[in-house]
Amino acid sequence: MNVCYCHSVKRIALLSLKGGVGKTLSAIAIAQLLAARRGKKVSVLDLDPEGSARAWGHAGGLPFPVVAPWEALAGDLDFAVLDTPPNDRKLLIGVAESADAILLPLRAGEQEIDLAGANLKPGATLGLIVTDAGRDNLSASMPGVLEAQQLPVYGLVHHSVRYQRAFGRVLEDELLEPYRTILKA
């Protein structure tokens, strides 16, 4: 993902026009890993009116705040992880244009990638995360199919009910492993 660790706030956006693709889970996992880095201040900005990320954060125990759009982000922040709603193309384009890194979660077997009309920041990175992947041929072949279309795949997150059970808590180390790979991309 090549996120620069300079002193200005770096925005990492999770985008998809579809719901249920793992945007919130990915936002929480990435924020948790970034917050674990020495001295890095992270916040998740929940732009989804349903407030799934805020609900996760209100359960307590996360090493970073989760805030609503009307709340101010902390002034001394290194990373803002932006969790977005589905079906709001205008908002998603705006968020994409302001982001330093854009991650597009896709459920295994689905393809919806549409940032047409977005003018990304110079140097912004874009990568895909294949989520809810099974241990089958379709899931295993999806990263290669996407990369053959010149679409960078940063990682594959296998289906596990443990992700659903983790809602409201810090994610276990084993569940963070695919997200470590994503942050290295």
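Everything below is about the structure printed above this text.
First, a word on what this report is: a plain description of the structure on this page. Residues take numbers from 1 onward in each chain, read along the sequence in its written order. Only residues with pLDDT of at least 70 get local features here, since the model is predicted, and only at 80 or more are side-chain atom pairs given and counted; chain-wide, interface and lining totals rely on the full set of residues. Calculation of side-chain values draws on the structure's entire complement of heavy atoms; hydrogens and water are dropped beforehand.

### Section: the layout of surface pockets
For the largest pocket, the calculated volume is near 540 Å³. Along the walls of the largest pocket sit 23 residues, with G20, V21, G22, K23 and L25 positioned nearest its centre. Contributions of two or more residues to the lining of the largest pocket are made by α1 (23-36), α2 (52-58), β6 (125-133), β7 (153-158) and α5 (161-165). The biggest single contributor to the lining of the largest pocket is α1, with 3 residues. Of the residues in the lining of the largest pocket, the class split is 8 nonpolar, 10 polar and 5 charged. In this analysis a 1.4 Å probe is tested at points of a 1 Å grid over the protein atoms alone, and where it fits but cannot get out there is a cavity; an open set with protein on both sides within 12 Å along at least five of seven lines is a pocket; lining residues have an atom within 4 Å of a point. Grid points are joined across faces, edges and corners, and a volume is the space filled by probe spheres set on the points. Comment: elements are numbered from the N terminus, with helices defined as DSSP H or I runs of at least four residues and strands as E runs of at least two. Gly falls in the polar group here, along with every residue not listed as nonpolar (Ala, Val, Leu, Ile, Met, Phe, Trp, Tyr, Cys, Pro) or charged (Asp, Glu, Lys, Arg).

### Quick word on the pairing of strand β1 (residues 10-14)
Three exposure classes are used, based on accessible area relative to the maximum for each residue type with a 1.4 Å probe and protein chains only: buried under 20%, partly exposed in between, and exposed over 50%. By the criterion of burial, β1 is predominantly enclosed, with 4 of the 5 residues buried. Note: two strands are recorded as paired if DSSP finds a minimum of 2 bridges between them. Pairing between β1 and strand β4 (residues 79-83): 5 bridges, direction parallel. Pairing of R11 across the sheet is with A80, part of β4. Where β1 meets strand β5 (residues 101-107), 3 bridges bridge the pair, whose relative direction is parallel. Residue pairing across strands places A13 opposite I102, the latter belonging to β5.

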